[in-house]
Amino acid sequence: MRGKLVAGNWKMNGSLESIRGLMDGIKQGIGSVQGAAVAVCPPAIYIPEVARLIEGTDIRLGGQNVCDEDEGAYTGEISASMLKEFGCAYAIVGHSERRSLYGESDALVAKRFAAARRCGLIPILCVGELLEEREQGITEQVVGRQLDAVLELEGIAAFADAVVAYEPVWAIGTGKTATPEQAQDVHAFIRAKLAAVDRGIAENLIIQYGGSVKGANAAELFSQPDIDGGLIGGASLKADEFLAICQAAG
Ligand code: PGA
């Protein structure tokens, strides 16, 4: 049976001092979280420090992106093996900010997904539609296309060691959460699409919801049958709020 996973995506926020404070707070309260796995995804430069701070805890570590190539002349990129060497278990790929601000295509995201898996990292594949795409009624088409790029390159078996995060772009950082029903509909679509290829893999796949999740709305979202935790941006930067979300997942 699949479990619940809550991951904090810190994006490009924090300083050495603030992440130490944040991790102190999370570690103090993590004992109250039962029945959900918890991960944090710091800016890459802070990964070694956070790896040190989580030693001896069950908190897991992830990168916010990963290069599609294994090594070489790729200035500014970070490889899967580097993330792995510093203790990462996960790598987010295809976050909407990467897709929209840095022009990452479905094909490139699929290659990043593959690179993560080659090294034994679990990719957290972000998918989701823009507001105008939802208004045009093409949400499933968009999310389907984003999944197909990975299915075509890697095949369904790759989803046995992967996480999918459904993040409607209009809900990210806007304070506008999808209703539990809106989110559940897309989660069910994702699971059914993959189940049509392999039921077992689809049933075991963790599908997180992301987009303005906070302590006050997490429990209702996570109680939906196909929502298996969350990918948390803004609220993951406050220990109390992040812990409340993790508790809601447990
Ligand atoms: P948010 O971000 O929780 O701040 O909306 C979610 C995300 O981008 O992963």
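Not measured: the values here are computed from a predicted model.

S.K.: Help me understand the sheet that holds strand S2 (residues 37-41) in this model?
M.R.: The strands making up a sheet are joined through hydrogen bonds of the backbone, oriented either antiparallel or parallel. With parallel pairing, the 8 strands of this closed barrel are ordered in space as S1-S2-S3-S4-S5-S6-S7-S8. With direction set aside, neighbouring strand axes in the sheet form an average angle of 25°. The strands touched by helix H7 (residues 139-154) are strand S5 (122-127) and strand S6 (163-166); relative to S5, the strand with the most contacts, the crossing angle is about 150°. Strands strand S1 (5-9), S2 and strand S8 (229-232) of the sheet are contacted by helix H11 (residues 239-249), whose axis makes an angle of about 160° with S1.

S.K.: Would you take a moment to explain the packing of H7 against helix H8 (residues 180-195) for this structure?
M.R.: Angle between the axes and distance between the axes: these two values describe a pair of packed helices. The geometry of H7 relative to H8 is characterised by a closest axis approach of 11 Å and an angle of 40° between their N-to-C directions. Comparing their axes, H8 and H7 come out oblique. Here H7 and H8 pass one another in a crossing that is right-handed. Here H7 contributes Thr139, Glu140, Val143, Gly144, Leu147, Asp148 and Leu151 to the contact with H8, which in turn contributes Val186, Phe189, Ile190, Lys193 and Leu194.

S.K.: Honestly, the layout of surface pockets in this entry has me stumped. Any pointers?
M.R.: It is a probe the size of a water molecule, rolled over the atoms, that shows where empty space is left. Looking at the largest pocket, its volume works out to about 600 Å³. Here the lining of the largest pocket gets 3 residues from one element, more than from any other, and that element is helix H4 (residues 96-101). In terms of residue class, the lining of the largest pocket is made up of 11 nonpolar, 6 polar and 5 charged.

S.K.: Would you mind going over the site of the ligand with me for this structure?
M.R.: Taken together, 13 residues are adjacent to the ligand, and Lys11, His95, Glu167, Gly173 and Ser212 come closest. His95 is positioned such that a nitrogen or oxygen atom in its side chain is 2.6 Å from an oxygen atom of the ligand. In this structure, an oxygen atom belonging to the ligand sits 2.7 Å away from a main-chain N or O atom of Ser212. Out of a free accessible area of 280 Å², the ligand has 95% covered by protein chains. For the shell around the ligand, a count of residues per class yields 4 nonpolar, 7 polar and 2 charged.

S.K.: Explain helix H10 (residues 215-222) here, please?
M.R.: Within an α-helix, residues lying three or four positions from one another point in the same direction, as the helix has 3.6 residues per turn. Those residues of H10 lying buried are Asn217, Ala218, Leu221 and Phe222. Around the axis of H10, the buried residues are gathered within 125° of arc, so they sit on the same side. Exposed residues lying more than 90 degrees from the buried face of H10 are Ala216 and Glu220.

Procedures and definitions
- Per chain, the residues get numbers from 1 upward, laid out in the order the sequence is written.
- Totals for whole chains, interfaces and linings use all residues, but because this is a predicted model, local features are given only for residues with pLDDT of at least 70 and pairs of side-chain atoms are given and counted only at 80 or more.
- Side-chain measures were taken over the full set of non-hydrogen atoms in the model, leaving aside hydrogen atoms and water.
- Each pair of strands is called paired provided DSSP finds at least two bridges between the two strands.
- By the criteria applied, helices consist of DSSP H or I runs no shorter than four residues and strands consist of E runs no shorter than two, each listed in order from the N terminus.
- In this description, a line fitted to the C-alpha atoms serves as the axis of each element, helices being fitted only across the stretch in contact, and the angle between N-to-C directions of two axes falls anywhere from 0 to 180 degrees.
- The contact rule is simple, with two residues in contact once any of their heavy atoms fall within 4.5 Å.
- Each angle is binned into one of four classes, with values under 35 degrees roughly parallel, values over 145 roughly antiparallel, values of 65 to 115 roughly perpendicular, and all other values oblique.
- Crossing handedness follows the turn of the near helix against the far one: under a right angle anticlockwise gives a left-handed crossing, and clockwise gives a right-handed one.
- The definitions used throughout rest on a 1 Å grid laid over the protein atoms alone, on which a cavity is an enclosed set of points accommodating a 1.4 Å probe that cannot get out and a pocket is an open set flanked by protein within 12 Å on both sides along at least five of seven lines; lining residues are those having an atom within 4 Å of a point.
- Grid points are joined across faces, edges and corners, and a volume is the space filled by probe spheres set on the points.
- Residues were grouped as follows: Ala, Val, Leu, Ile, Met, Phe, Trp, Tyr, Cys and Pro as nonpolar; Asp, Glu, Lys and Arg as charged; and all remaining residues, including Gly, as polar.
- Distances are taken per atom, and a residue is near a molecule or strand as soon as one of its heavy atoms is within 4 Å of it.
- We call two N or O atoms a polar contact when they sit within 3.5 Å, provided that within protein one can donate a hydrogen and the other can accept it, with sequence-adjacent residues counted only if both atoms are side-chain atoms.
- With residues, only the protein chains shown are counted as cover, and all accessible areas are computed by Shrake-Rupley using a 1.4 Å probe.
- Buried residues are those whose accessible area, probed at 1.4 Å on protein chains only, stays under 20% of the maximum for their type, while exposed residues exceed 50% and partly exposed ones sit between those limits.
- Relevant arc is that of directions from the helix axis to the C-beta atoms, nothing else.

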